[in-house]
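Chain by chain, the residues run as shown.
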Amino acid sequence: EAGVTQFPSHSVIEKGQTVTLRCDPISGHDNLYWYRRVMGKEIKFLLHFVKESKQDESGMPNNRFLAERTGGTYSTLKVQPAELEDSGVYFCASSQAWRGETQYFGPGTRLLVL
Amino acid sequence: DQQVKQNSPSLSVQEGRISILNCDYTNSMFDYFLWYKKYPAEGPTFLISISSIKDKNEDGRFTVFLNKSAKHLSLHIVPSQPGDSAVYFCAAVFGNEKLTFGTGTRLTIIP
């Protein structure tokens, strides 16, 4: 069974540009989460989808971030326009159940904004 | 306001000895705690968890202890092996809410 995949693995962009991150969850997982880790700090929750609906987006930093999950399958996270403080590793996780121990994480996308 | 804290950014332990990783939390509403292990260039992997109604959970070489009165949990790895070298994250959950992570502790096992 394929795990959670994320694309791209790395992205280097200039301040003001747009970047779109993609996450493909494990097949059949209704719950999809986005997290971010900035500069060796804690992994912070961004938002949670249940199928195509946003269940909790309380962690989204501001309106420059837009997440979508069309059809309840893969998800995209767009940052527009990107700022220097957006640099970090963006992780996606998916789960069948709604409990932490069943969240499977992808390898992350390393974003660097110059 | 960081609700889950791992005050030791790094820890070195000799192979075969016990590794003890610590985690403190401030939110008394947390009812489930987890430890994740992370290798470089990979995502976190679930390791072990404990419910707030328990004070100990064991899985092979890994044991998690919870002290609710002190709002403290610890992960014990015994015996430590070279493959245990990784960053360990403590995380906490309230109900069906999101995971709240600590900053991680980098564990290095010395052969």
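In this report, we go over the structure that sits alongside the text. (Residues numbered from 1 in each chain as written. Chains lettered and ligands numbered in written order. Predicted model: local features only at pLDDT ≥ 70, side-chain atom pairs only at ≥ 80, totals over all residues. Heavy atoms only, no water.)

To continue, consider the interface of chain A and chain B. Opposite the 19 residues of chain A that make contact, chain B presents 22 residues. At the boundary of chain A with chain B, total buried surface from both sides reaches about 1700 Å², with 57% on carbon and sulfur atoms. For the pair chain A and chain B, the number of links is zero salt bridges. Counting every contact that joins chain A to chain B gives two residue pairs in polar contact (both at pLDDT 80 or more). Every element with two or more residues in the side of chain A that touches chain B is listed here: strand E4 (31–37) and strand E5 (43–50) of chain A. Class assignment of the residues belonging to the side of chain A that touches chain B gives a composition of seven nonpolar, five polar and seven charged. (Contact = heavy atoms within 4.5 Å. Buried area = accessible area lost by both parts, 1.4 Å probe. Salt bridge = Lys/Arg side-chain N within 4 Å of Asp/Glu carboxyl O. Polar contact = N/O pair within 3.5 Å; in protein donor to acceptor, adjacent residues only side chain to side chain. Helix = DSSP H or I, 4+ residues; strand = E, 2+ residues; numbered from the N terminus. Nonpolar A, V, L, I, M, F, W, Y, C, P; charged D, E, K, R; others polar.)

Here we come to the pairing of strand E3 (residues 19–24) of chain A. Both faces of the sheet carry side chains from a regular strand, because those side chains alternate between them. All names here are of chain A. Every second residue of E3 is oriented toward a common face, the buried set being Val-19, Leu-21 and Cys-23 and the non-buried set Thr-20, Arg-22 and Asp-24. Two strands pair when backbone bridges link them, and strand E1 (residues 5–7) and E3 are joined in this way by three bridges, in the antiparallel orientation. Bridging across to E3, Phe-7 finds its partner in Arg-22. Here E3 runs beside strand E8 (residues 75–79); their pairing, made up of five bridges, is antiparallel. Residue Arg-22 lies in a different strand from E8, and its bridge partner there is Thr-76. (Buried < 20%, exposed > 50% of the residue type's maximum accessible area, 1.4 Å probe, protein only. Pairing = 2+ DSSP bridges.)

This part takes up the pairing of strand E9 (residues 88–95) of chain A. Residues and elements named next belong to chain A. The buried count for E9 comes to eight of eight residues, which makes it a mostly enclosed element. In this structure, E4 lies alongside E9, joined through seven bridges in antiparallel fashion. Considered in E9, the bridge of Tyr-35 is made with Phe-91. Relative to strand E11 (residues 109–113), E9 runs antiparallel, the two being bridged by three bridges. Directly across from Val-89, in E11, lies its bridge partner Arg-110.

Each disulfide is one covalent bond, formed between the sulfur atoms of two cysteines. What the rule picks out here adds up to two disulfides over all chains. Sulfur-sulfur distance for the disulfide between Cys-23 of chain A and Cys-92 of chain A comes to 1.8 Å. For the disulfide bridge between Cys-23 of chain A and Cys-92 of chain A, the dihedral angle about the S-S bond is near -60°, and by the sign convention the bridge is left-handed. With Cys-23 of chain A in strand E3 and Cys-92 of chain A in strand E9, the pair connects residues that are 69 residues apart, well separated along the chain. The pair Cys-23 of chain A / Cys-92 of chain A is uniform in exposure class, with both members buried. For Cys-23 of chain B, the disulfide goes to Cys-90 of chain B, at an S-S distance of 2.1 Å. Residues Cys-23 of chain B and Cys-90 of chain B are joined by a disulfide whose S-S torsion is about -75°; by sign, that bridge is left-handed. With a gap of 67 residues between them, Cys-23 of chain B in strand E3 (residues 19–25) and Cys-90 of chain B in strand E9 (residues 86–93) connect regions that are remote in the sequence. A relative accessible area of 0% means that Cys-90 of chain B is categorised as buried. (Disulfide = S-S within 2.5 Å.)

Now for unusual backbone geometry. In this structure, the amide linkage connecting Phe-7 of chain A to the following residue, Pro-8 of chain A, adopts the cis form with an omega of -5°. By secondary structure assignment, the location of Pro-8 of chain A is in the loop between E1 and strand E2 (10–13). Even without a glycine there, the phi angle at Lys-71 of chain B is positive, about 50°. One can find Lys-71 of chain B in the loop between strand E7 (62–67) and strand E8 (72–77). Overall, Lys-71 of chain B belongs to the partly exposed group, its relative accessible area being 27%.

Ranked by size, the top nonpolar core spans 23 residues in total, and within it Phe-33, Trp-35, Leu-73, Leu-75 and Tyr-88 of chain B carry the most contacts. The residues touching Tyr-88 of chain B, leaving out its near neighbours within four places in the chain, are Gln-6, Leu-21, Trp-35, Tyr-36, Lys-37, Leu-47, Leu-75, Ile-77, Gly-104, Thr-105 and Leu-107 of chain B. Counting residues in hydrophobic clusters, the runner-up holds 21 residues, among them Ile-13, Cys-23, Phe-49 and Ala-67 of chain A. (Core = buried A, V, L, I, M, F, W, Y, C linked by side-chain atoms within 4.5 Å.)

We now examine the sheet that holds strand E1 (residues 4–5) of chain B. Residues and elements named next belong to chain B. Taken in spatial order, the five strands make up an open sheet running E1-E3-E8-E7-E6, and their pairing is antiparallel. Of all strands in the sheet, those bounded by a partner on one side alone are E1 and strand E6 (56–59). Examined bridge by bridge, E6 and E7 share four bridges and lie antiparallel to one another. Of the residues in E7, the one forming a bridge with Lys-56 is Phe-65.

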